[in-house]
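# Understanding the architecture of this molecule
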Amino acid sequence: MTTQAERKLIHVIPSQPTSDGAGVKLRRSLGSQRGLHVDPFLMLDEFYSDNPDDYLAGFPAHPHRGFETVTYMLDGHMRHEDHLGNRGDLGPGGVQWMTAARGIIHSEMPQQTAGRMRGFQLWINLPSREKMKPAGYRDIPATEIPLVPLPGGGRVKVIAGSYAADGREVQGPVNGAGHKLSTEPLYLDVQLPAGAEFVAAVTPGHNAFLYVYEGAAKVGPQDQALPHRAAGVLSDSGNVRVRAGADGASFLLLAAKPLHEPVVQYGPFVMNTREEIEQALADYRDGKLAA
Ligand code: FE2
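All of the points below concern the structure found in this document.

### Focus on the coordination of the iron ion
Around the iron ion, the protein contributes the donor atoms His62 (NE2), His64 (NE2) and His106 (NE2), at 2.1 Å from the metal centre. Taken in sequence order, the residues that donate to the iron ion follow the motif H-x1-H-x41-H. In this pair, histidine 64 is assigned in strand 5 (residues 59-64) and histidine 106 in strand 10 (residues 104-110), connecting sequence segments 42 residues apart. Both residues of the pair, histidine 64 and histidine 106, belong to the buried class.

Here it is in C-alpha cells:
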C-alpha cells in the first residue's frame, strides 16, 4: 500500500436514540455498542431537536474522570459550570474542550426555552499516565475556529489538528504545533455541496471515523455508502476521501493516535482497571474525585 492509498470504510455504527443527563434526547453512534470504540475515541453523541421537551432538562451536576469531553454546538446555547469555578457559554459554532482527567463535576444546562438545540459531544480517552492529572477546561468561540473554503464549493472548519489547503497548513485552535495533545486529535467539520469531493491527509496509524449529520456520503476508493447519522470507521492508513451525495453532505472527520491500553468504563469514569473504577466511585462518594 502506498502513502497515496485511501482509507476504506470498514465498519458502520448506526446511531441509536437514547437519553442522557436529566432526559436529553440524543443519538449515540460510537459508544452505543459495548466494547466497540475507535481507540482513543469512546463515544459520539448528536443532540438535535426543535422541541424544548427534548433538551430542557439538560445535564445537571455530574462527574467525569479519566478522559476528555468535547462539545461542539451547531445551534442553541448551553451554559457550563464546574466545581473549579469555570463558567462558559456555548453558542452556535463554539467548542468546549474539557479535560476531565483526575476529575471534574460540572453541569451543562440549556440557556433557551425554545428553538433548535443541535450539536455533538465526543469523548476522547486519555493515556493512563494522564488520567490523574489536574482537570483543564477551554472555551473556544466560533470566531477562533478557522473556516477554509473548498475549491469545489463547501467548507472545512478546523477544530483540532490541521488541514492542508492550497499548499498551506491551516491549524485549528486545539492540538497545534508545540502544543500537541498526546492523542493528537484531528477534528474537522466539513460541508460539501452535491457531488463534491473532499480529501484530507490523516496521520498513518491514527484511527479515524466519519459521522454524517446531513445528507449522505460515499467513502474511499470503492465509493462505499455511509448513511446519514451513522459513524463510519475507516481503515488505518491513507488519505480520507469523501464524496457528497445528491443532497450534499455535512460530516465530522475525527482521527487520533490510538492508546492501545485497556478500557474499563463505568458510566462517566473511564480508567484502565476495575480497581481504578472502584477508586473513582469511592473518591466521588467521599467528595475527593476532583480534590
Ligand atoms: Fe459532562
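### Let's talk about the layout of surface pockets
Empty space left among the atoms is revealed by rolling a probe the size of a water molecule over them. The computed volume of the largest pocket comes to approximately 580 Å³. Of all elements in the fold, only strand 3 (24-28), strand 4 (41-49), strand 5, strand 7 (78-82), strand 11 (117-125) and strand 23 (264-266) reach the threshold of two or more residues within the lining of the largest pocket. A class-by-class count of the residues in the lining of the largest pocket yields 13 nonpolar, 13 polar and five charged.

### Some points on the packing of aromatic side chains
Applying the stated criterion across every chain, the model contains nine aromatic pairs. Where phenylalanine 41 meets phenylalanine 209, the ring centres are 5.4 Å apart and the plane angle is 75 degrees; that geometry is what we call edge-to-face. Of this pair, phenylalanine 41 sits in strand 4 while phenylalanine 209 sits in strand 19 (residues 207-219); the two residues are 168 residues apart in sequence, bridging distant segments of the chain. Note on accessibility: phenylalanine 41 and phenylalanine 209 belong to one class, buried. A ring pair is formed by phenylalanine 120 and tyrosine 211, whose centres lie 6.0 Å apart and whose planes are at 80 degrees; its orientation type is edge-to-face. Here phenylalanine 120, found in strand 11, pairs with tyrosine 211, found in strand 19; they are 91 residues apart in sequence, far enough to count as distant. By the ring-pair criterion, three or more aromatic residues cluster together here, those being Tyr72, Phe120, Tyr187, Tyr211 and Tyr213. The ring of tyrosine 48 is capped by arginine 118, whose NZ or CZ atom sits 3.9 Å from the centre of that ring.

### Thoughts on the side chain of histidine 62
Structurally, histidine 62 is set in strand 5. Overall, histidine 62 belongs to the buried group, its relative accessible area being 17%. At a separation of 2.8 Å, a polar atom in the side chain of histidine 62 contacts the main-chain carbonyl oxygen of proline 60. Here the side chain of histidine 62 touches glutamate 108 through a polar contact of 3.3 Å, side chain to side chain. Setting aside residues no more than four positions away along its own chain, histidine 62 makes contact with Ile104, Ile105, His106 and Glu108.

### Quick notes on the nonpolar core
One finds Val156, Tyr163, Leu188, Phe198, Leu210, Phe251 and Leu253 to be the most contacted residues of the largest nonpolar core, which totals 31 residues. Elements with a contribution of two residues or more to this core: strand 14 (155-160), strand 15 (162-165), strand 17 (186-192), strand 18 (197-200), strand 19, strand 21 (230-234) and strand 22 (240-256). By residue number, the principal contributor to this core is strand 22, which donates seven residues. Setting aside its immediate chain neighbours within four residues, phenylalanine 198 contacts Leu150, Val156, Tyr163, Leu188, Val190, Leu192, Val240, Arg241, Val242, Phe251 and Leu253. Formed by 27 residues, the second largest nonpolar core is a distinct cluster that contains Trp97, Tyr187, Tyr211 and Ala231.

The rules behind each value
- Residues numbered from 1 in each chain as written.
- Predicted model: local features only at pLDDT ≥ 70, side-chain atom pairs only at ≥ 80, totals over all residues.
- Heavy atoms only, no water.
- Donors = N, O, S within 2.8 Å, 3.2 Å for Na, K, Ca; no water.
- Helix = DSSP H or I, 4+ residues; strand = E, 2+ residues; numbered from the N terminus.
- Buried < 20%, exposed > 50% of the residue type's maximum accessible area, 1.4 Å probe, protein only.
- 1 Å grid on protein atoms, 1.4 Å probe; cavity = no way out; pocket = protein on both sides within 12 Å on 5 of 7 lines; lining within 4 Å.
- Points joined across faces, edges and corners; volume = space filled by probe spheres on them.
- Nonpolar A, V, L, I, M, F, W, Y, C, P; charged D, E, K, R; others polar.
- Phe/Tyr/Trp six-rings, centres within 6.5 Å; stacked < 30°, edge-to-face > 60°.
- Lys NZ or Arg CZ within 6 Å of the ring centre and 35° of its normal.
- Polar contact = N/O pair within 3.5 Å; in protein donor to acceptor, adjacent residues only side chain to side chain.
- Contact = heavy atoms within 4.5 Å.
- Core = buried A, V, L, I, M, F, W, Y, C linked by side-chain atoms within 4.5 Å.

The quantities given are spatial measurements derived from coordinates; they are silent on function.
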